[in-house]
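Listed below are the residues making up each chain.
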Amino acid sequence: MTQCILRSLLGVVLACLLPGMGGAQASGLDRELLGVWQTAHGHAYIRIYGKGGAYFGQSVAQPADSVQQAEAAGQPQILAHFLPQRPGVWANGTIYDPDNKTHFQGILTLLSPDRLQVYGYVGFRWLGGETIWTKVRGREGEWSPYDQDG
């Protein structure tokens, strides 16, 4: 009986501690998500930024372009409303394919600090496809809170 109570108490303590630990880990990965990513075929750059607890991706002509510059130039928003699901994974967002003018549901998975898996699907998660984006490093690709907010 005493062991049962101790196990229950330990479970409650762990349940309280683990979400806090996951949140700290996720915030570091959220920072890794921010910045400029080059699409798989190298045809485009997407600047990922946070706004209101969600993450968005704006197509930019050059890695140094800000979100505001891209919007003013008429560049499309590619990612919208991605929310942290677990460390290194953001979901429940939409992906816009400007070639087909189509929106997909999406999941972003950070494979490494320099590789992002972008998975888009229609309706069912098993009905979709993925691509890998590469992080643009260097001064022009780094995120700055002063000129990159959406």
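See above for the structure.
In what follows, the accompanying structure is described. (Residues numbered from 1 in each chain as written. Predicted model: local features only at pLDDT ≥ 70, side-chain atom pairs only at ≥ 80, totals over all residues. Heavy atoms only, no water.)

## A few points about the layout of surface pockets
- Considered as a void within the structure, the largest pocket measures approximately 550 Å³ in volume.
- Ranked by residues supplied to the lining of the largest pocket, first place goes to strand S8 (residues 128–135) with four residues. (1 Å grid on protein atoms, 1.4 Å probe; cavity = no way out; pocket = protein on both sides within 12 Å on 5 of 7 lines; lining within 4 Å. Points joined across faces, edges and corners; volume = space filled by probe spheres on them. Helix = DSSP H or I, 4+ residues; strand = E, 2+ residues; numbered from the N terminus.)

## Side note on unusual backbone geometry
- Backbone geometry at His 81 places phi at a positive 60 degrees, although glycine is not the residue there.
- Positive phi is not limited to glycine here, since Asn 92 has a value of about 65 degrees.
- Locating Asn 92 in the fold gives a position in strand S5 (residues 89–97).

## Focus on the nonpolar core
- With 17 residues, the main nonpolar core has Ile 48, Leu 79, Leu 108, Leu 116 and Trp 133 as its most contacted residues.
- Listing elements by their share of this core, those giving two or more residues are strand S2 (45–51), strand S4 (77–86), S5, strand S6 (102–112) and strand S7 (115–121).
- In this structure Leu 108 touches Leu 33, Leu 79, Phe 82, Gly 88, Val 89, Trp 90, Leu 116, Gln 117 and Val 118, once residues within four positions along its chain are discounted. (Core = buried A, V, L, I, M, F, W, Y, C linked by side-chain atoms within 4.5 Å. Buried < 20%, exposed > 50% of the residue type's maximum accessible area, 1.4 Å probe, protein only. Contact = heavy atoms within 4.5 Å.)

## Some thoughts on the environment of Arg 31
- Examined against the element boundaries, Arg 31 turns out to sit in helix H1 (residues 2–33).
- Residue classification places Arg 31 among the exposed positions, given a relative accessible area of 58%.
- With 82 residues separating them along the chain, Arg 31 and Pro 113 place their C-alpha atoms 9.8 Å apart.

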